[in-house]
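# Structural description and commentary
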Amino acid sequence: DGGITQSPKYLFRKEGQNVTLSCEQNLNHDAMYWYRQDPGQGLRLIYYSQIVNDFQKGDIAEGYSVSREKKESFPLTVTSAQKNPTAFYLCASSPAGGGSGGYTFGSGTRLTVV
Amino acid sequence: SQKIEQNSEALNIQEGKTATLTCNYTNYSPAYLQWYRQDPGRGPVFLLLIRENEKEKRKERLKVTFDTTLKQSLFHITASQPADSATYLCAAEGTGGFKTIFGAGTRLFVKA
C-alpha cells in the first residue's frame, strides 16, 4: 500500500540537543510538507518542498532545518535553537501544489523535551 | 491576517442524526476548501474538497457546502454513527498551492 511513514512515533529531546524526524513516502508525490500541531491550534507549516533539492520556509521555520535529497524522503531536524519544540509533528505529501487533491499525511511524531 | 475558524466546543449528537460542522474564513478568498478527519494521536485523513465555483459536494454520507458570500463552509454527516466520532479539520487554500491554512478542528462525539 502506498503511503507516508513517519518515525519514530515518540521522541524525547534533551535541552541543547538536535533531533531528526524521518518522513518517507512511496506515493511518487512531488511535493512534501512538514506541519506542527499544538493543542487548540491549526496545523502550522514549517517547511515545504516542491521538488528534489529545493525547499521553502513556511510560517514557523525558525529553529528547524530540512533536506530533500531524494523524492521519497523529507527529514526534519529540530535544532537546539527551537525553544519550544514539544508538539505533534506531521509530514504530508501531494502530487503537486496541495489544494487540488488534498494532502496525504503520515501518522505523526510526538516530540517531548525532557 | 488570514484566519480559519472552527467551533472550538465539541459537538455531541445522537446516533442517526445529522452532524453539521462550521468553518468560517476571514481576510481570505480561498480557491479550495478541504475537510479532514483526525483521530487521536493520528495524522489527518483527507475527506472532501470543494472549489469556490461549487456550491455543494457529496460523498456517501458526507456533504460539504461553500458559501463565498458568507465566507463559510458547512460539513454535514448524515445518519451519523459512533464510528464518526473524531476531530474534523477545515483547510483553505488559494490558487498556486503550498500555503494551506488549517483550522484548529471541531471534536465530534456521536452517542449510541
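Notes on the structure in this doc start here. Bear in mind that the values here come from a model prediction, so they are computed numbers and not experimental data.

## Points about the overall build of chain B
Looking only at helices and strands, one finds zero helices and eleven strands in chain B. Along chain B, helices (α) and strands (β) appear in the sequence β-β-β-β-β-β-β-β-β-β-β when read from the amino end. Against the compact-globule benchmark of 13 Å for 112 residues, chain B has a radius of gyration of 13 Å, which places it among compact chains. Taken over 112 residues, chain B has a buried fraction of 46%. Of all intrachain contacts in chain B linking residues separated by at least 6 positions in sequence, the fraction that spans at least 24 positions is 54%. For chain B, the accessible area works out to roughly 5700 Å², and carbon and sulfur atoms hold 46% of it. Charged side chains of chain B number 15 positive and 11 negative; the gap between the two group centres comes to 1 Å.

## Section: the sheet that holds strand S1 (residues 3–6) of chain B
Residue and element names in this part refer to chain B. The strand order across the open sheet built from five strands is S1-S3-S8-S7-S6, with neighbouring strands paired in antiparallel fashion. The strands lining the two open edges of the sheet, one partner per strand, are S1 and strand S6 (56–59). Each strand axis lies, on average, 15° off the axis of its neighbour in the sheet, ignoring direction. Of the pairings in the sheet, the one linking strand S3 (residues 19–26) to strand S8 (residues 72–77) comprises six bridges and is antiparallel in character. From the neighbouring strand, Cys23 faces S8, where its bridge partner is Ser73.

## Observations concerning the interface of chain A and chain B
The interface is formed by 27 residues belonging to chain A together with 19 residues belonging to chain B. Note on chain A versus chain B: buried area summed over both sides is about 1700 Å², and carbon and sulfur give 59% of it. The interface formed by chain A and chain B holds zero salt bridges in total. Where chain A meets chain B, there are four residue pairs in polar contact (both at pLDDT 80 or more). Looking at the side of chain A that touches chain B, the elements with two or more residues in it are strand S4 (31–37), strand S5 (44–49) and strand S9 (87–94) of chain A. A per-element tally of the side of chain A that touches chain B places S4 of chain A first, with four residues.

## Topic: the state of the cysteines
All names here are of chain A. Evaluation of the coordinates by the stated rule reveals two disulfides over all chains. There is a disulfide in this structure between Cys23 and Cys91, and the S-S distance comes to 1.9 Å. Between Cys23 and Cys91 the disulfide shows an S-S torsion of about -75°. By sign, it is left-handed. One end of the pair, Cys23, is in strand S3 (residues 19–25); the other, Cys91, is in strand S9, and 68 residues separate them in sequence. Exposure remark for Cys23: the relative accessible area of 0% places this residue in the buried category.

## As for unusual backbone geometry
Residue and element names in this part refer to chain A. Residue Ser7 is joined to Pro8 through a cis peptide bond whose omega torsion reads -10°. With respect to the helices and strands, Pro8 occurs in the loop between strand S1 (4–7) and strand S2 (10–13). Of note, Asn28 is a non-glycine position whose phi angle comes to about 60°, a positive value. Looking at where Asn28 falls in the secondary structure, it is placed in the loop between S3 and S4. Among the residues examined, Asn28 registers a relative accessible area of 58% and is labelled exposed.

Thresholds applied
- Residues numbered from 1 in each chain as written.
- Chains lettered and ligands numbered in written order.
- Predicted model: local features only at pLDDT ≥ 70, side-chain atom pairs only at ≥ 80, totals over all residues.
- Heavy atoms only, no water.
- Helix = DSSP H or I, 4+ residues; strand = E, 2+ residues; numbered from the N terminus.
- Rg over C-alpha atoms; globule rule 2.2 N^0.38 Å.
- Buried < 20%, exposed > 50% of the residue type's maximum accessible area, 1.4 Å probe, protein only.
- Contact = heavy atoms within 4.5 Å.
- Areas by Shrake-Rupley, 256 points an atom, 1.4 Å probe, with all protein chains shown as cover.
- Lys, Arg positive; Asp, Glu negative; His and termini not counted.
- Charge placed at Lys NZ, Arg CZ, Asp CG, Glu CD.
- Pairing = 2+ DSSP bridges.
- Axes fitted to C-alpha atoms, helices over the stretch in contact; angles between N-to-C directions.
- Buried area = accessible area lost by both parts, 1.4 Å probe.
- Salt bridge = Lys/Arg side-chain N within 4 Å of Asp/Glu carboxyl O.
- Polar contact = N/O pair within 3.5 Å; in protein donor to acceptor, adjacent residues only side chain to side chain.
- Disulfide = S-S within 2.5 Å.

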